[in-house]
Amino acid sequence: MKALSTLIVSAGICTLLACGSGSGSKDSVDSSKAANDSTANAMKSDSMNTSSANAGTQYSPGPVSKGDADFAVDAANGGMTEVAASQLAQTSATSQRVKDFANMMVQDHTKAGDELKKMAAAKSITLPATISDKNQKKVDDLGKKTGTDFDKAYVNMMLSDHKGAVDMFKKESNDAKDADIKTWATQTLPTLQMHLDSIKAISGKH
């Protein structure tokens, strides 16, 4: 009986950690969201210790809602993706306008990402250490292109990504339950809108 109980517990732990590399394994984004769900539940039952641990920071402590935590994870994933793609463009783009845009992307998204990391740490939000498998494939595919083909692919990627980012940040700036996350989303949105306007001008698509 004891052996059976041990086997059941071991199987449960393996399931939680997504043992193996099969179809059930999670990428960094999925794992972060799962970790945040667990953290939120733990913090709700130990709110006094949580408040003490985060005392002295400029942000209020967690827990935050699932929607706010998921937004933080998705925002981090998107920002890291823009930086990775734009670092390629800094060296591979043929157009100077595209290179200048890429330089702005690396600078702005790195700054926003650093701010998000500080806020997430204060609220015990787990952010992904690497970009999602889906976005990594997009970056890898981009890296295989050269010349004007690269420029076109990068510009199209930036157009699509920033349209999605602007919509996501607009929604969060209105719907966020956590005041700090709401403020960060609201303050970051104009920069993302400016990025979208800039890449539209470069592409000629308005």
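See above for the structure.
Residues numbered from 1 in each chain as written. Predicted model: local features only at pLDDT ≥ 70, side-chain atom pairs only at ≥ 80, totals over all residues. Heavy atoms only, no water.

## What about unusual backbone geometry?
To keep things clear, this is the line we draw: Exposure categories follow from relative accessible area, calculated using a 1.4 Å probe and restricted to protein chains: below 20% of the type maximum is buried, above 50% is exposed, and the middle band is partly exposed.
The backbone of Ser124 sits at a positive phi, close to 60°, despite the residue not being glycine. Assessed through its relative accessible area of 30%, Ser124 is described here as partly exposed.

## Here we look at the environment of Gly143
Defined as follows: Helix and strand definitions follow DSSP, with helices as H or I runs of at least four residues and strands as E runs of at least two, each counted in order from the N terminus.
Tracing the backbone through its elements, the reader meets Gly143 in helix H6 (residues 133-143). Judged by relative accessible area, Gly143 falls into the partly exposed class, the value being 43%. For the pair Gly143 and Ala89, spaced 54 residues apart in the sequence, the C-alpha separation amounts to 8.8 Å.

## Regarding the nonpolar core
Within soluble globular proteins, side chains that are nonpolar generally end up buried alongside one another. Basically, it comes down to this: Remark: nonpolar core denotes a set of buried residues (Ala, Val, Leu, Ile, Met, Phe, Trp, Tyr, Cys) joined through side-chain atoms within 4.5 Å. Note on contacts: a residue pair qualifies if any of its non-hydrogen atoms lie within 4.5 Å across the two residues.
If you look at the biggest cluster of nonpolar residues, it comprises 40 residues, and the most contacted ones within it are Leu116, Tyr154, Met158, Phe169 and Trp184. Elements with a contribution of two residues or more to this core: helix H4 (66-92), helix H5 (96-122), H6, helix H7 (147-175) and helix H8 (179-203). Excluding residues within four positions of it along the chain, Phe169 makes contact with Phe71, Ala75, Trp184, Ala185, Thr188, Leu189 and Leu192.

## As for the packing of H5 against H7
This is how it is decided: Axis definition: a line fit to C-alpha positions, over the contact stretch in the case of helices; interaxial angles, taken between N-to-C directions, run 0 to 180 degrees. What sets the label is the angle itself: under 35 degrees gives roughly parallel, over 145 gives roughly antiparallel, 65 to 115 gives roughly perpendicular, and the rest give oblique. Handedness of each helix crossing follows the sense of rotation of the near helix against the far helix: counterclockwise by less than a right angle gives left-handed, clockwise gives right-handed. Gly counts as polar in this scheme, as do all residues outside two lists: the nonpolar Ala, Val, Leu, Ile, Met, Phe, Trp, Tyr, Cys and Pro, and the charged Asp, Glu, Lys and Arg.
At a minimum axis distance of 11 Å, the contact between H5 and H7 shows a crossing angle of 40°. One way to sum up the angle between H5 and H7 is to call them oblique. For the pair H5 and H7, the crossing hand works out as left-handed. Contacts between H5 and H7 pair Val98, Phe101, Ala102, Met105 and His109 from the former with Asp151, Tyr154, Val155, Met158 and His162 from the latter. Here the contact of H5 with H7 is composed, by residue class, of seven nonpolar, two polar and one charged.

## A short note on the packing of aromatic side chains
Where we set the bar: Two rings from Phe, Tyr or Trp (for Trp, the six-membered ring) form a pair when their centres are within 6.5 Å of each other. A pair whose planes differ by under 30 degrees is stacked, one over 60 is edge-to-face, and the rest are tilted.
By the definition in use, this model includes five aromatic pairs. When the centroid spacing of 5.0 Å and the interplanar angle of 70° are considered together, the rings of Phe71 and Phe169 count as edge-to-face. Of this pair, Phe71 sits in helix H4 while Phe169 sits in helix H7, placing them 98 residues apart in sequence. Of the two residues examined, Phe71 and Phe169, each falls in the buried class. When the centroid spacing of 6.2 Å and the interplanar angle of 5° are considered together, the rings of Phe150 and Tyr154 count as stacked. Taken together, the residues span about one helical turn, with Phe150 and Tyr154 both in helix H7 at a distance of four residues. The same class applies to Phe150 and to Tyr154, which are both buried.

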